Protein chains: 2
Amino acid sequence: MRGVARDLLILGCRQLLTLRGGWPRRGRALGELGLIRDGALLIRHGRIAAVGPRRNVERLPAARRAHRLDLGGKIVLPGFVDAHTHLLFAASRAEEYEQRIAGASYEEIARRGGGILRSVRTLRAAPEAVLLERARGWLAEFAAHGTTTIEAKSGYGLTTAAELRTLRLYRQLQHEQPVEIVPTFLGAHVVPPEFRGRADAYITFLIQRVLPRVAAEQLAEFCDVFCDRGAFTVAQARRLLAAARATGLRPRLHAEQLARTGAARLAVELEAASADHLEKINAADLRALARSSVCCTLLPGCSFHLSLREYAPARRLIEAGAIVALATDFNPGTSPTVSMPMVLALACTQMRMTPAEAIVAATLNGAYALRRAERIGSLEVGKFADLAVFDLEDYREIPYYFGVNRCVATFKRGELIASRRT
Amino acid sequence: MRGVARDLLILGCRQLLTLRGGWPRRGRALGELGLIRDGALLIRHGRIAAVGPRRNVERLPAARRAHRLDLGGKIVLPGFVDAHTHLLFAASRAEEYEQRIAGASYEEIARRGGGILRSVRTLRAAPEAVLLERARGWLAEFAAHGTTTIEAKSGYGLTTAAELRTLRLYRQLQHEQPVEIVPTFLGAHVVPPEFRGRADAYITFLIQRVLPRVAAEQLAEFCDVFCDRGAFTVAQARRLLAAARATGLRPRLHAEQLARTGAARLAVELEAASADHLEKINAADLRALARSSVCCTLLPGCSFHLSLREYAPARRLIEAGAIVALATDFNPGTSPTVSMPMVLALACTQMRMTPAEAIVAATLNGAYALRRAERIGSLEVGKFADLAVFDLEDYREIPYYFGVNRCVATFKRGELIASRRT
């Protein structure tokens, strides 16, 4: 199936969700799935050469010469684009999970030296080989759950060397395995011990010492800031992101997760690619986001894992016309899951997104959040053939059968990168 | 690895959770996991012949002659005992899921002819081969998620023929595949169309026509009643369960899910094996359950899937001394998951059970709920070698890495019944 030279004709798509018809998708996604029953795809050189009902695709001259793969009645959709992950970390934080269940808050644990700073200590101490081995394992799990592209942040290093190491490892991982990795510089994740009480000085350090190196080596596409209570202020975020933009990195933001600080408005002001979290936005933030081109990337895994009852107001954002994406926020503290199907289940049951809305948010709108919607996120002629194949009878069953992974095959640029027997 | 004749020595258990020391487990389960680091198991004729630290087990004469399986550092625990499932159904109800997300309640959907009655219509119409094929697929998924024993209810038939067919299919499935199936007669699941408005007459029909057939063919161990608002009353449940007990079927109950009706107190009165759900119990119910031998089987998948904020009061039950089990409630309407790891994640994050409490509830206490705790549910000499093996560093990571299945091997009576490459 790895025959790149020969065209590939994929048949037997009981439901083929193309998401055709432009981007970004605002407003209600229902009816925008571009659903084709008994669909087929023709793939050439990793891109979609034809897509449509089986009878239309099958009769193309090129289809007759192609290698045929009959899926025998599966659900086929664009590979998930997971626009927010912290891929590289050295250890789980399961003991903090237990402490939180016993009643400690996430912020209390952070004040005791746990939280992000614990991950900083373990990452700095970890040998490169260990970090690579862990990341490789998780990348394979992402692929096994139907994800073909992930954003991946630095932010557990917080020294020049450790931040650059993380971003270089992302580059190495990109070369050696097929899941597409979009690197983001998150030096402003938390104030490191070396700068305790001197957040402004740390921002200056990032601007003067780290950012130029990141830019010179072209190690990141985006610059992110954890702009929230206990992390960085709106003013600090604005200063860093302005400097980042000057070096060619596009801004994105962690915004309004723990408290409303104005970070979402900053995202609008800066025309950030994405404002992520948004659990605490107010009505004015919501209107501003809805009028903007900023993608609202919602991360319901955090609320679930932290036992919070509050989720981001997905329904109101969608109804106001905002562009909503969904992502895992894979990280060891607040959302240790790589499963986009699980995130879809959370989006449907806890945020009342419809299965169709959740799928658009997890594919085309995720691609938009990473500024790749012209290449991935939908199944249209000319786009990369990034596909997730589910052994189900209806696309709505992806979130419905929650907690179970029914993805049986994943293709990246036309090549099979994960599969399991059915 | 299927060499039954030869003893099997399992090594390389980074953490071996034995749950040794009697049953049932009341109260706080912390410290009751019987955790052994670098543990080993010796298995003979499907039962545990020795268990303990590797150095102790390895030096036994029998261990030297045994086939050796080194897991290389995995988490090993008793296979999950899932004490509440509705295994056999003909179709998903994903369209109702979408309706509920749009705002319809579970009970509204039932009144419109959806809900359980929809599953009754599809099951009655489905050919046996279709039902078997679906059930086989799900049984393999149960095993893949670490479950070695499930309870399985009838209740989508509601005629003599259809109820007997379901229970006979459970018997057939038990003969042809390795997951242990504990059959429960749930003729009193809902009033069928043929008896609309005549629930008492339906109970009489079950007692006079169906129950004697179930008993004569020994098709069920337990009799269950959905005793709740919109289903059957306490008086109806009492009448059926008394008759069932006279034929040799032990009682268990769906209790206090949709409304407080007194069903939990009935479970105590009848010394039922288990009272399941319990979201709506009051303080007096809680005390009565805690003083009784009734297992409180909690089903957090329902609250999650139905988008309800209310979960059963697990913390208060545990602190009052009740025996708490966890189960999936696998069914197409309210909890379409086969994943006990997912149920553990829900128990920890949504009901604030500790990972240790959740594991006890999902293994030993599940076995107790099925009156099998003398044979399964812990890893002690003489018990069946039912094991789940997780590719993790710590048992707390089973619920922590939510939505992802890290079970890599499952053994039933010493035989490998599911595995995946790691």
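What counts, and where the lines are drawn
- Residues numbered from 1 in each chain as written.
- Chains lettered and ligands numbered in written order.
- Predicted model: local features only at pLDDT ≥ 70, side-chain atom pairs only at ≥ 80, totals over all residues.
- Heavy atoms only, no water.
- Least-squares fit on C-alpha atoms with pLDDT ≥ 70 in both.
- Contact = heavy atoms within 4.5 Å.
- Disulfide = S-S within 2.5 Å.
- Buried < 20%, exposed > 50% of the residue type's maximum accessible area, 1.4 Å probe, protein only.
- Buried area = accessible area lost by both parts, 1.4 Å probe.
- Salt bridge = Lys/Arg side-chain N within 4 Å of Asp/Glu carboxyl O.
- Polar contact = N/O pair within 3.5 Å; in protein donor to acceptor, adjacent residues only side chain to side chain.
- Helix = DSSP H or I, 4+ residues; strand = E, 2+ residues; numbered from the N terminus.
- Nonpolar A, V, L, I, M, F, W, Y, C, P; charged D, E, K, R; others polar.
- Domains from an automatic or database assignment.
- Pairing = 2+ DSSP bridges.
- Axes fitted to C-alpha atoms, helices over the stretch in contact; angles between N-to-C directions.
- Core = buried A, V, L, I, M, F, W, Y, C linked by side-chain atoms within 4.5 Å.

A short note on the relation of the copies chain A and chain B
Between the two chain copies there is a screw-like relation: a rotation about an axis and a shift along it. Least-squares fitting of chain A to chain B yields an RMSD of 0.0 Å, with the superposition described by an axial translation of 0.0 Å and a rotation of 180 degrees. Accordingly, the operation relating the two chain copies is best matched by a two-fold axis. No C-alpha of chain A approaches the rotation axis more nearly than that of A:G403, which lies at 2.3 Å. Take the interface residues of chain A: 100% of them recur as interface residues in chain B, which is what a same-surface contact looks like.

Some thoughts on the state of the cysteines
Residues and elements named next belong to chain B. This structure, assessed with the given rule, holds zero disulfides over all chains. Cysteine C295 is unpaired, with the sulfur of C296 as its nearest cysteine sulfur at 6.5 Å. Assessed through its relative accessible area of 0%, C295 is described here as buried.

Some details on the interface of chain A and chain B
At the interface, 52 residues of chain A touch 52 residues of chain B. Taking both sides of the interface into account, the surface hidden between chain A and chain B amounts to around 4,700 Å²; carbon and sulfur atoms contribute 54%. For the chain A face of the interface with chain B, the top three residues by lost area are A:F304, A:Y400 and A:F402, together amounting to 18%. In this structure, the connection of chain A to chain B is made through eight salt bridges. Notably, a salt bridge pairs B:R406 with A:E141, separated by 2.6 Å at the nearest N-O pair. Our enumeration of links across chain A and chain B arrives at 25 residue pairs in polar contact (both at pLDDT 80 or more). Within the residue set of the side of chain A that touches chain B, elements represented by two or more residues are α3 (94-101), α6 (128-144), α12 (300-305), α14 (340-351) and α17 (397-400) of chain A. When the residues that make up the side of chain A that touches chain B are grouped by side-chain class, the tally is 23 nonpolar, 15 polar and 14 charged.

Focus: the domain arrangement of chain A
All names here are of chain A. Under the domain assignment used here, chain A contains domain 1 (7-78 + 377-419) and domain 2 (81-369). Between the C-alpha centres of domain 1 and domain 2 there is a distance of 29 Å. In this complex, domain 1 contributes 35 residues to the contact, which on the side of domain 2 involves 35 residues. In this assembly, domain 1 packs against domain 2 so that about 2,700 Å² is buried in total across both faces, 71% of it on carbon and sulfur atoms. There are two salt bridges connecting domain 1 and domain 2. Elements that contribute at least two residues to the side of domain 1 that touches domain 2 include exactly β4 (67-78), β13 (387-390), α17, β14 (407-412) and β15 (415-419). Broken down by element, the side of domain 1 that touches domain 2 gets its largest block of residues, four residues, from β14. When its residues are assigned to classes, the side of domain 1 that touches domain 2 shows 20 nonpolar, seven polar and eight charged.

Some thoughts on the sheet that holds strand β3 (residues 47-53) of chain B
Residues and elements named next belong to chain B. Overall, mixed pairing links the seven strands, which are arranged β3-β2-β1-β4-β13-β14-β15 in an open sheet. This sheet does not close on itself; its edge strands, each paired only once, are β3 and β15 (415-419). Neighbour-to-neighbour, the strand axes of this sheet turn through a mean angle of 35 degrees, independent of strand direction. By the bridge criterion, four bridges tie strand β13 (residues 387-390) to strand β14 (residues 407-412) in an arrangement that is antiparallel. Note on β14: the bridge partner recorded for A388 is T410.

Digging into unusual backbone geometry
Here A:D329, not a glycine, exhibits a phi torsion of approximately 55 degrees, which is positive. The residue A:D329 is located in the loop between β12 (323-326) and α14 in this model. Given a relative accessible area of 2%, A:D329 falls into the buried group. Positive phi, normally seen in glycine, also occurs at B:R413, with a value near 50 degrees. On the secondary structure map, B:R413 appears in the loop between β14 and β15. A relative accessible area of 36% means that B:R413 is categorised as partly exposed.

So, the nonpolar core
Ranked by internal contacts, the top residues of the largest apolar core, which has 278 residues, are A:L87 and B:L87. Once residues lying within four places of it in the same chain are set aside, the contact partners of A:L87 are A:A135, A:W138, A:L139, A:F142, A:I150, A:A152, A:Y170, A:L173 and A:F330. Counting residues in hydrophobic clusters, the runner-up holds 19 residues, among them B:L41, B:L71, B:V76 and B:V389.

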